[in-house]
Amino acid sequence: MKRITVIAGHYGSGKSTFAANYAIDMAARGEAVTVVDMDTVNPYYRTADLGDIFEKNGVKLAAPRYAGTNLDVPILDFDIPGLYAEGRNLVIDLGGDDAGAYPLGKFRQFIGLHKNECDILYVVNFCRFLTHNAEEAEEILREIERACGLSATGIVNNSNLGFETDSEIIGSGRLKAEKISALTGLPIFCHTLPDIPSCEGIDREGYYPLTVYIKNVWN
Amino acid sequence: MANERMLMKGNEALAEAAVRAGCKCYFGYPITPQTEIAAYMSKRMPKCGGVFLQAESEIAAINMVYGAAATGVRAMTSSSSPGISLKSEGISYAAGCDLPCVVVNVQRGGPGLGGIQPAQSDYYLATKAGGHGDFYIPVYAPCSVQEMADYAVKAFDMADKFRTPVMILSDGLLGQMMEPVVFPEITDNEPEKDWACTGHGNKRRHNIINSLYLKPEELEESNRERFKKYEIEKAELPEVETYLTEDAEIVVTGYGASARIVRSAVNAARAEGIKAGMIRPITLWPFPEKAYAETVETAKAYLVVELSMGQMVDDVRLATSCKRPVRFFGRTGGVIHTPAEILAQIKLIAKEELK
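**Student:** Whenever I open this one, the sheet that holds strand 6 (residues 139-140) of chain B confuses me. Can you help?
**Tutor:** What links the strands of a sheet is backbone hydrogen bonding, and the strands pair in either a parallel or an antiparallel sense. All names here are of chain B. What the seven strands build is an open sheet, ordered 3-2-4-5-7-6-12; its pairing is mixed. The two strands at the open ends of the sheet, each matched to only one other strand, are strand 3 (51-54) and strand 12 (283-285). As judged from the seven bridges shared by strand 5 (residues 101-107) and strand 7 (residues 165-171), these two strands associate in the parallel manner. Considered in strand 7, the bridge of Val102 is made with Val166.

**Student:** Explain the domain arrangement of chain B to me, please; I cannot follow it from the model alone.
**Tutor:** Interfaces are frequently sized by the accessible area removed from exposure as the parts join. Residues and elements named next belong to chain B. What the domain assignment lists for chain B is domain 1 (6-236) and domain 2 (241-353). Between domain 1 and domain 2, the C-alpha centre-to-centre distance is 28 Å. Tallying the contact residues gives 31 residues for domain 1 and 23 residues for domain 2. Of the roughly 2,400 Å² buried between domain 1 and domain 2 on both sides combined, carbon and sulfur atoms contribute 57%. A per-residue breakdown of the area domain 1 buries against domain 2 is headed by Gln120, Tyr123 and Cys143, which together make up 31% of the total. Connecting domain 1 to domain 2 are three salt bridges. Arg280 is paired through a salt bridge with Glu147; the nearest N and O atoms lie 2.8 Å apart. Linking domain 1 with domain 2 are 15 residue pairs in polar contact (both at pLDDT 80 or more).

**Student:** Sorry, what's going on with the sheet that holds strand 11 (residues 276-281) of chain B here?
**Tutor:** Residues and elements named next belong to chain B. As summarised here, the arrangement of the five strands in space is 9-11-10-13-14, forming an open sheet in which the pairing is mixed. Unpaired on one side and paired on the other, strand 9 (240-243) and strand 14 (326-330) mark the two borders of the sheet. When the angles between neighbouring strand axes are averaged without regard to direction, this sheet yields 20 degrees. Of the pairings in the sheet, the one linking strand 9 to strand 11 comprises four bridges and is antiparallel in character. Of the residues in strand 11, the one forming a bridge with Glu241 is Arg280. Its contacts with the sheet place helix 9 (residues 256-271) against strand 9, strand 10 (250-253), strand 11 and strand 13 (301-306), and it is angled at close to 165 degrees to strand 11.

**Student:** In this structure, what is going on with the interface of chain B and chain A? I would like to understand it.
**Tutor:** Facing the 34 residues of chain B at the interface are 26 residues of chain A. For the pair chain B and chain A, the summed buried surface comes to about 2,600 Å²; carbon and sulfur atoms form 59% of the total. Summed over the shared surface of chain B and chain A, the result is four salt bridges. Here Glu143(A) and Lys43(B) are joined by a salt bridge, their closest N and O atoms 3.8 Å apart. Along the contact surface separating chain B from chain A lie 11 residue pairs in polar contact (both at pLDDT 80 or more). Of all the elements in the fold, those that place two or more residues in the side of chain B that touches chain A are strand 1 (6-9), helix 1 (10-20), helix 2 (35-44), helix 7 (172-176), strand 8 (178-181) and helix 9 of chain B. At four residues, the largest contribution of residues to the side of chain B that touches chain A is made by strand 1 of chain B. Looking at the side of chain B that touches chain A residue by residue, the class counts come to 16 nonpolar, seven polar and 11 charged.

**Student:** Please clarify how helix 1 (residues 15-28) of chain A should be interpreted in this entry.
**Tutor:** Since the α-helix packs 3.6 residues into each turn, any two residues three or four apart lie on the same face. Residues and elements named next belong to chain A. With 14 residues, helix 1 should cover 20 Å at 1.5 Å per step; its first-to-last C-alpha distance of 20 Å lies within 8% of that length. By the criterion of burial, helix 1 is predominantly enclosed, with 12 of the 14 residues buried. Every buried residue belonging to helix 1 is among Lys15, Ser16, Thr17, Phe18, Ala19, Ala20, Asn21, Tyr22, Ala23, Ile24, Met26 and Ala27, and all of these are buried. Looking one or two places after helix 1, you find Gly30, whose phi comes out positive at around 90 degrees.

**Student:** Just checking my understanding: could you explain the pairing of strand 7 of chain B for this structure?
**Tutor:** A regular strand carries its side chains on alternate faces of the sheet. Residues and elements named next belong to chain B. For strand 7, the buried fraction is high: seven of the seven residues fall into the buried class. Side chains Pro165, Met167, Leu169 and Asp171 project from strand 7 onto one buried face, and the interleaved Val166, Ile168 and Ser170 project onto a second face that is buried too. Handedness of the crossover joining strand 6 and strand 7 through helix 6 (residues 145-162) is recorded here as right-handed.

**Student:** It is not clear to me how a nonpolar patch on the surface should be interpreted in this structure. Could you clarify?
**Tutor:** On the surface, Tyr66(A), Leu71(A), Val73(A) and Ile75(A) cluster together into a nonpolar patch covering about 310 Å² of accessible area. Mapping Val73(A) onto the fold places it in the loop between strand 3 (60-62) and helix 3 (80-85).

**Student:** Looking at this structure, I do not really get the packing of aromatic side chains. What am I missing?
**Tutor:** Ring pairs (aromatic) are described by centroid distance and by the angle formed between their planes. All chains considered together, the criterion is met by 16 aromatic pairs over all chains. For the pair Tyr22(A) and Tyr208(A), a centre-to-centre distance of 6.3 Å together with 45 degrees between the ring planes defines the contact as tilted. Within this pair, whereas Tyr22(A) is found in helix 1, its partner Tyr208(A) is found in strand 8 (residues 208-210), the two being separated by 186 residues in sequence. In terms of burial, Tyr22(A) and Tyr208(A) fall into one category: buried. A network of ring pairs unites the aromatic residues Phe18(A), Tyr22(A), Phe189(A) and Tyr208(A) as a single cluster. For Arg174(A), the ring lying beneath its charged end belongs to Tyr207(A), and the centroid distance is 4.8 Å. The ring of Tyr243(B) carries the charged tip of Arg263(B) above its face, separated from the ring centre by 4.7 Å.

**Student:** Help me understand the packing of helix 3 (residues 58-70) of chain B against helix 4 (residues 81-96) of chain B in this model?
**Tutor:** The relative placement of two packed helices is expressed as an angle between their axes plus a distance between the axes. All names here are of chain B. Packing of helix 3 against helix 4 brings their axes to within 8 Å, and their N-to-C directions diverge by 25 degrees. On the basis of the axis angle, helix 3 is roughly parallel to helix 4. Taken as a pair, helix 3 and helix 4 cross one another with a handedness that is right-handed. Touching Glu58, Ile59, Ala61, Ile62, Asn63 and Tyr66 of helix 3 are Gly83, Leu86, Lys87, Gly90, Ile91, Tyr93 and Ala94, all from helix 4.

**Student:** What am I meant to see in the environment of Asp49(A) here?
**Tutor:** As for its position among the elements, Asp49(A) is in the loop between strand 2 (33-38) and helix 2 (51-56). Considering only alpha carbons, one finds Asp49(A) and Ile214(A), 165 residues apart in sequence, at a separation of 9.4 Å.

Rules used throughout
- Residues numbered from 1 in each chain as written.
- Chains lettered and ligands numbered in written order.
- Predicted model: local features only at pLDDT ≥ 70, side-chain atom pairs only at ≥ 80, totals over all residues.
- Heavy atoms only, no water.
- Pairing = 2+ DSSP bridges.
- Helix = DSSP H or I, 4+ residues; strand = E, 2+ residues; numbered from the N terminus.
- Domains from an automatic or database assignment.
- Contact = heavy atoms within 4.5 Å.
- Buried area = accessible area lost by both parts, 1.4 Å probe.
- Salt bridge = Lys/Arg side-chain N within 4 Å of Asp/Glu carboxyl O.
- Polar contact = N/O pair within 3.5 Å; in protein donor to acceptor, adjacent residues only side chain to side chain.
- Axes fitted to C-alpha atoms, helices over the stretch in contact; angles between N-to-C directions.
- Nonpolar A, V, L, I, M, F, W, Y, C, P; charged D, E, K, R; others polar.
- Expected span 1.5 Å × (residues − 1).
- Buried < 20%, exposed > 50% of the residue type's maximum accessible area, 1.4 Å probe, protein only.
- Right-handed = clockwise from strand over helix to strand, strands pointing away.
- Patch = residues over 30% accessible without salt bridge, like charges linked within 9 Å, V, L, I, M, F, W, Y side chains within 5 Å.
- Areas by Shrake-Rupley, 256 points an atom, 1.4 Å probe, with all protein chains shown as cover.
- Phe/Tyr/Trp six-rings, centres within 6.5 Å; stacked < 30°, edge-to-face > 60°.
- Lys NZ or Arg CZ within 6 Å of the ring centre and 35° of its normal.
- Parallel < 35°, antiparallel > 145°, perpendicular 65-115°, else oblique.
- Left-handed = near helix turned anticlockwise from the far one by under 90°.

In C-alpha cells, the structure reads:
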C-alpha cells in the first residue's frame, strides 16, 4: 500500500466503489486516509455521495464544495500537495475516461516526484460495452495516460454485471484481465468480488472483496 | 457478442440502440443528465459512417435534425428538460412537415434552470404541449436500461411509419443507472421515403418540405389530414404493462423510473394483504386508456405516483371516466420517493376508501 493511490478508468467501471472500499479498508487497519473526489465530468454517482459512510468509517473526504448540489460545477477547490502535507494517505478518485483524467495532469509534477510512493490503478470492467475485451480496454487506458501525462502502475479487474454478477462473469473477467496484463506489461493489482447474493457461492481466495454501497432506489 | 449481456448506463444503451437502428445523424448540446448520449455518439458515429455534431445550441440542434430528416435519413437529438423547452419550436416545425425523427428528453427538475437530479415534470410538455399548433407526437416512457434500448429502436420505426417526430421521455435516474442489457435484433423497418429531398435529378417533380400554407383553408385541410393519422396512431400505438391488476382494489399507476418504485410498493402492500396492482403506461401519448377502463369495475381507488406535482392525474381521471377517486402522491425537484412512502399512501387509501 502506497501513500498515494490514484483510481482511473472508463465511465461506470466501478472507480468510486473501489476507491471507497480501498479507503475504508485502509482506515479499518488504523491508517489515516483521505478520499479525494476529483470527478469533474459527471455529477451523478460520485464519491462524495458516500460522505456519510466515510464519516462512519473514519475516512476523510475531500470533494468540491458544491458536489452533490444542483450547482455541481467542474471545479477543484483543494490541491493535492496540500492534502498530502496533512500526512494522511490519499486515495484519489478520478472521473471517467480521458476527460476525467485531465485534472490529474495539473499535479503531474507532484505525482512524478512521489512516484515511488504512488500507485496509479486502472479499473476495468470487461462487461462494460466499450471495454469488452483487452484491446478496447487498453485503448481507453492509453487515452487516460495521455490525458494526465502519467502511466498506470497496475490493473484492478472489477468485471461485474451489476446485481446479476455470477461465477461465470467473474471467471471470464479474470481471463480478460490476464490478457490486458500481458498486453500492457502491467501487473494485476487485484481482482474484485462484490458482496452480493448472486456471488455468495464463490470462493473469496484471491479476490478483493467489495462492499457495494450504491443501492437501487426501488429496494 | 450478438446476445451477450452488457452493463450499460441507460443513456449509453439508448445511444447504441439508436446507432443499430440506423440513426445516421446525431445533433445535440450537452446538458446533465443526458450528456452521455452526446458523448457516446461523438465516439461511436465516426466509426460507423454517421455524423455527430455538437451544435451551438439546442435550437440549432433540432433544426439540424429537421434538415437531416428532410433528406430521409434517421436523425436524433437529445437533451434534458430546459433544453427540450428550447427545442419545442423545432419539434412543432417537424410535426408540421410530417418529418420522422427521434427526440430524447432525459428529464431533470424544473421549472427554470431547476436542478440536475431526476424528475418527471415534463409530462405535459411531452404529451400536451410539445410546441405551438395543433399536433401530437408519440411519447415512449421506458422504465429500465433494457427498455431504453428497445424503445430507441421502436421510436425510429414508428417515426418512419407515421412520419412524425417521436419522443422518448426518460429521466436522470434511468439515464445514469447501470443495468445489464441485450441489444434487440434489428429488422430493416426503414421504408422507402419518396417524399424526401434527395435531389430530383430532373427525373421527377421536386419534393418540398414546408409547414407554411398560403391559404387558411389549405392549412386547415392539412391539420385535418394529420388528425386522421392521429386516430390510427391512437388505435395502433398504445402500450402498457399491467401488474396484479385483475383483482386489484387499489390501482397504483406511474411510468418510467417511478414505476420501478411503485412495483416494490405494490409487492409490499400485497404482502400485507392489500389487493394492490399497477398500471404502467409505456406510451404516454397515445395514453393507454383501455387498460384503465378495464380495471374500473374491480378498483375502488387509483393512486398516481410521479416525480412531479401531478401531471398524469388528469389523463387517469379521463381514462377512468372519473368513476373512482384518483389520488396523487409525488416528490419533485429531484427528490425520489421511496417504496415505503408509496406503501404508506396505499395503506391510507385502504383505510379511507376500502370500507
